[in-house]
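Listed below, chain by chain, are the residues.
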Amino acid sequence: MPSSCLDMSDVLQSKRLNHAGMPGTTLPPFPNDVPTVTHPLLIIDLELIKAGDPVEIDHLWGVLEISAESLRTMGADSEVDAMFHIGAATVALPSEEKMKFEQCEKGQSLGTRTGKAGSAIDASDQLDAVEFINVAKDDALALPRVALRTYPAPTTAAIPTAVAPFVRKALVINYTVLRIFNEKLGLPEGTLDRLHDFEEYSGSEARVIRGPPLPGKAVADKATLGAHTDFGSLSFLYNRLGRLQVMPPGHTEWSGGILRSNIHRVVPPPGIQGDHERWSLVFFTRPGNSKTLRALVEDSPFIAESVKDYLENHFETGSTAAAWFARRVKYQRINNRKGPETWAASRGTEHTPTVA
């Protein structure tokens, strides 16, 4: 870890959730004395992207190659606020009730995770204090049928009115971006849609996350969510406070982002922001469970050229999307840990094994 880290200050800081989970009190601003990314957080207009504007599409592609980006005019604020309400109501349940819906030790991501669940921040087996609720895309859109599992009462009650609308909105946005990727990568039309077949069960899920207040400089640079890459193709993220930190490839400090699954972590919000709970919401779009993770070299000369200098079979994982995801979730759990190698197996950082 570098001694001086650079932060991505959050775009959405106009509201906060109080302890009852209701929007209200204004959040304190991100401090001016904390180093942030050296290049600006660039803004992409989603409505122009959806309209096929070639200038904005090229802007998006360029941003993804060099920096972090934020989509504006997403039109998802009401869905996002509703999801934060659900997360707050679910996290506020008694521990014994939440444990009925806890992630299991076998690699299932869905359900609740409490600060007592035995998931680690780092290879030292230090436990994190993060709580969240994960809801599968397949459950959100299957109601009243249960596709994969059941959820706590506040979450279940809100699936038709809040979770499903949020999932649908996130899917529209992420599929729009995936289709741009498909074209820019030189893939045959529909390739990425096929790999993310809407009808196939997948690891795609919505997650509401609560980090506890962590005031004081003593914990300022201690990760609350350890360095990792997201598993999946796109993550649709809303934050309420800092400090999400991202490390682009080839860098030794935490900053920006490029077109790949960048290593990132979360540390306590700085300054007076640390006095507040840190809420975030993310939707992960992931390939269908049966899809094998590999470079699509036969489908795209551009991809083939990009990977030719790597060792043969470097991108042949031999793993399905479902198996890869289950392995990562499983080895986050303390009860499944057998040493540093199992911690590493949970991170998705095989390309940068020394990151902490």
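**Things to note about the overall build of the protein chain**
Turning to step 1, where the next piece is worked out: Summing up its helical and strand segments, the protein chain has 10 helices and 12 strands in all.
Turning to step 2, where the next piece is worked out: Looking at the protein chain as a whole, 52% of its 356 residues are labelled buried.
Turning to step 3, where the next piece is worked out: Counting only contacts in the protein chain whose residues sit at least 6 apart along the sequence, the fraction spanning at least 24 positions is 73%.
Turning to step 4, where the next piece is worked out: Within the structure as shown, the protein chain displays about 16500 Å² of accessible surface, and the carbon and sulfur contribution to it stands at 57%.

**Comments concerning the sheet that holds strand β10 (residues 278-285)**
Turning to step 1, where the next piece is worked out: Spatially, the 5 strands line up as an open sheet ordered β3-β4-β5-β10-β7, and their pairing is antiparallel. Each edge of the open sheet carries a strand with a single partner, namely β3 (111-113) and β7 (234-239). Each strand axis lies, on average, 15° off the axis of its neighbour in the sheet, ignoring direction.
Turning to step 2, where the next piece is worked out: As defined by bridge partners, strand β4 (residues 131-136) adjoins strand β5 (residues 205-211) across 6 bridges and the pair is classed as antiparallel. Bridging from a neighbouring strand, N134 pairs with R207 of β5.
Turning to step 3, where the next piece is worked out: The sheet contacts of helix α6 (residues 153-184) involve β4, β5, β7 and β10, and relative to β10 the element is tilted by about 60°.

**Quick word on α6**
Turning to step 1, where the next piece is worked out: Relative to the 46 Å expected for 32 residues at 1.5 Å per residue, α6 spans 43 Å between its end C-alpha atoms, a close match to the ideal helical length.
Turning to step 2, where the next piece is worked out: By the largest-angle criterion, I159 marks the main kink of α6, which is about 85°, and a proline, P160, follows within four residues.
Turning to step 3, where the next piece is worked out: G186 sits one or two positions beyond α6 and adopts a positive phi of about 70°.

**Things to note about the pattern of salt bridges**
Turning to step 1, where the next piece is worked out: For the structure shown, the criterion picks out 14 salt bridges.
Turning to step 2, where the next piece is worked out: With a closest N to O distance of 2.5 Å, D58 and K184 form a salt bridge. Taken together, the positions of D58 in helix α2 (residues 54-66) and K184 in helix α6 put the pair 126 residues apart, joining distant regions of the chain.
Turning to step 3, where the next piece is worked out: On the basis of relative accessible area, D58 is assigned to the partly exposed category, the value being 45%.
Turning to step 4, where the next piece is worked out: For K184, a relative accessible area of 27% translates into the label partly exposed.
Turning to step 5, where the next piece is worked out: Each of K98, E131 and R210 takes part in a single network of salt bridges with overlapping partners.

How each quantity is defined
Residues numbered from 1 in each chain as written. Predicted model: local features only at pLDDT ≥ 70, side-chain atom pairs only at ≥ 80, totals over all residues. Heavy atoms only, no water. Helix = DSSP H or I, 4+ residues; strand = E, 2+ residues; numbered from the N terminus. Buried < 20%, exposed > 50% of the residue type's maximum accessible area, 1.4 Å probe, protein only. Contact = heavy atoms within 4.5 Å. Areas by Shrake-Rupley, 256 points an atom, 1.4 Å probe, with all protein chains shown as cover. Pairing = 2+ DSSP bridges. Axes fitted to C-alpha atoms, helices over the stretch in contact; angles between N-to-C directions. Expected span 1.5 Å × (residues − 1). Bend = angle between axes of the 7 residues up to and from the residue. Salt bridge = Lys/Arg side-chain N within 4 Å of Asp/Glu carboxyl O.

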